[in-house]
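Tertiary structure, described
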Number of protein chains: 2
Amino acid sequence: MFSVSARTQYAIRAMSCLAKREGRSATSAEIAQSESIPAKYLEGILSRLKASGLIESERGKNGGYRMAKDPAEIRMLEIVEAIDGRIKPVTCVDAPGACSQGGDCHPRNFWIGLKTTIDAYLAERTLKDVSEG
Amino acid sequence: MFSVSARTQYAIRAMSCLAKREGRSATSAEIAQSESIPAKYLEGILSRLKASGLIESERGKNGGYRMAKDPAEIRMLEIVEAIDGRIKPVTCVDAPGACSQGGDCHPRNFWIGLKTTIDAYLAERTLKDVSEG
DNA sequence: TATATTCCTATTAATCAGATAGGAATATGG
DNA sequence: CCATATTCCTATCTGATTAATAGGAATATA
């Protein structure tokens, strides 16, 4: 119940790995080896992290990935959302009135409250907190 | 991300339905019809709720299900756990030292903290809160 | 031009949730 | 004792999603 995807766990490990390098870059292959992540699978993960602006990249020889920000400024919620999208306990979170009960549906409010609670927890903690303690 | 299973949502609807009956019983077929839940699928759900002591049942003619407790005494966490088990963002929450980093693994502590936060939210709210408002 | 890299797209494989099916066990009322 | 209505048990199917693999195009360097 409420399990975190392998992708997101890989993403956090990859980000921690880059964080340790303090701005210096690493190739996808290096990260994969160092963190025991399937190399080709990791490429897709890095691509999402880049699309969200959390990391930057250079192609070609001597290319690689590097942090785009200070790890202390990266909220865990940003990583999670970059990989798996917004937290949505039930699909109607973003669709008020989708269920028959209309606007003031108690179960829906209950799940929205849970989403808010989870979001807050993840937003209060940074990559620095999680990778260094 | 972090989506609630259809089973758990069905379970909550079924419990709300029984709660409205204030101790009187309803058959699985009645609940299924009233809440638009696949009838055979619902049987398995009711069976788990019963195994957790949240509802009681009688077999045979005139049989059915009824609440085992006051809805105000049933925490949402109990329903969720009855259906999908304990909340476990990562498999190692119950397995300290499973990962290479040993006992004091920061990501693990992070996920345990999230579990604790979710558990608290779900334990603070009762079936009565969610079904009546 | 050879090489090392990111980047893009498709495909496969494995896992799991949701749903269905059939019938055994059990209780009731006629 | 029998017909019926129910819970209860076990097996199976199906479709969606995730995890992983594969191949190669684009790009940068020396």
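Definitions and limits used
- Residue positions are given per chain, counting from 1 as you read along its sequence in written order.
- Written order decides the labels, with chains lettered from A and ligands numbered from 1.
- Owing to the predicted nature of the model, reporting of local features is limited to residues with pLDDT of at least 70; listing and counting of side-chain atom pairs is limited to 80 or more, with chain, interface and lining totals taken over all residues.
- Working from all heavy atoms in the structure, the side-chain values ignore hydrogens and water.
- Strands qualify as paired when DSSP identifies two bridges or more between them.
- Numbering of helices and strands runs from the N terminus, with a helix taken as a DSSP run of H or I at least four residues long and a strand as a DSSP run of E at least two residues long.
- Nearness is judged by heavy atoms alone; a residue qualifies as near a molecule or strand once a single heavy atom is within 4 Å of it.
- Two N or O atoms count as a polar contact when they lie within 3.5 Å, although within protein this holds only if one can serve as hydrogen donor and the other as acceptor, and sequence-adjacent residues are included solely when both atoms are side-chain atoms.
- Residues are sorted three ways: Asp, Glu, Lys and Arg are charged, Ala, Val, Leu, Ile, Met, Phe, Trp, Tyr, Cys and Pro are nonpolar, and all the rest, Gly among them, are polar.
- Any pair of residues with heavy atoms lying within 4.5 Å of one another is described as a contacting pair.
- Reported buried area values correspond to the accessible surface (1.4 Å probe) lost by two parts on association, with both partners' losses combined.
- One speaks of a salt bridge when a side-chain nitrogen belonging to Lys or Arg is within 4 Å of a carboxyl oxygen belonging to Asp or Glu.

**Let's talk about the pairing of strand E1 (residues 55-58) of chain B**
Direction of pairing for E1 of chain B relative to strand E2 (residues 64-67) of chain B: antiparallel, over a ladder of 4 bridges. Considered in E2 of chain B, the bridge of Glu56 of chain B is made with Arg66 of chain B.

**Side note on the protein's contact with DNA strand C**
In the neighbourhood of DNA strand C, 23 residues make up the surrounding shell, with Glu43 and Lys50 of chain A together with Ala6, Lys40 and Arg59 of chain B lying closest. Restricting the count to atoms of DNA strand C within 4 Å of the protein gives a sugar and phosphate share of 68%. Contacts to DNA strand C include Tyr10 of chain B, whose side-chain N or O atom sits 2.9 Å from a phosphate oxygen. Contributing elements (two or more residues each) for the surface near DNA strand C: helix H3 (39-51), strand E1 (55-58) and strand E2 (64-67) of chain A together with helix H1 (6-20) and helix H3 (39-51) of chain B. Grouping the constituent residues of the surface near DNA strand C by class yields 5 nonpolar, 8 polar and 10 charged.

**A word on the interface of chain B and chain A**
Of the residues lining the interface, 33 residues belong to chain B; the matching set on chain A comes to 32 residues. Both faces combined, the contact of chain B with chain A buries some 2,800 Å², and carbon together with sulfur accounts for 76% of it. Here chain B is connected to chain A by 0 salt bridges. Counting the contacts that link chain B with chain A gives 10 residue pairs in polar contact (both at pLDDT 80 or more). Among the secondary structure elements, those contributing two or more residues to the side of chain B that touches chain A are H1, helix H4 (76-84), helix H5 (106-124) and helix H6 (127-132) of chain B. Of the residues forming the side of chain B that touches chain A, the biggest block, 11 residues, is contributed by H5 of chain B. Within the side of chain B that touches chain A, the residues separate by chemical class into 17 nonpolar, 11 polar and 5 charged.

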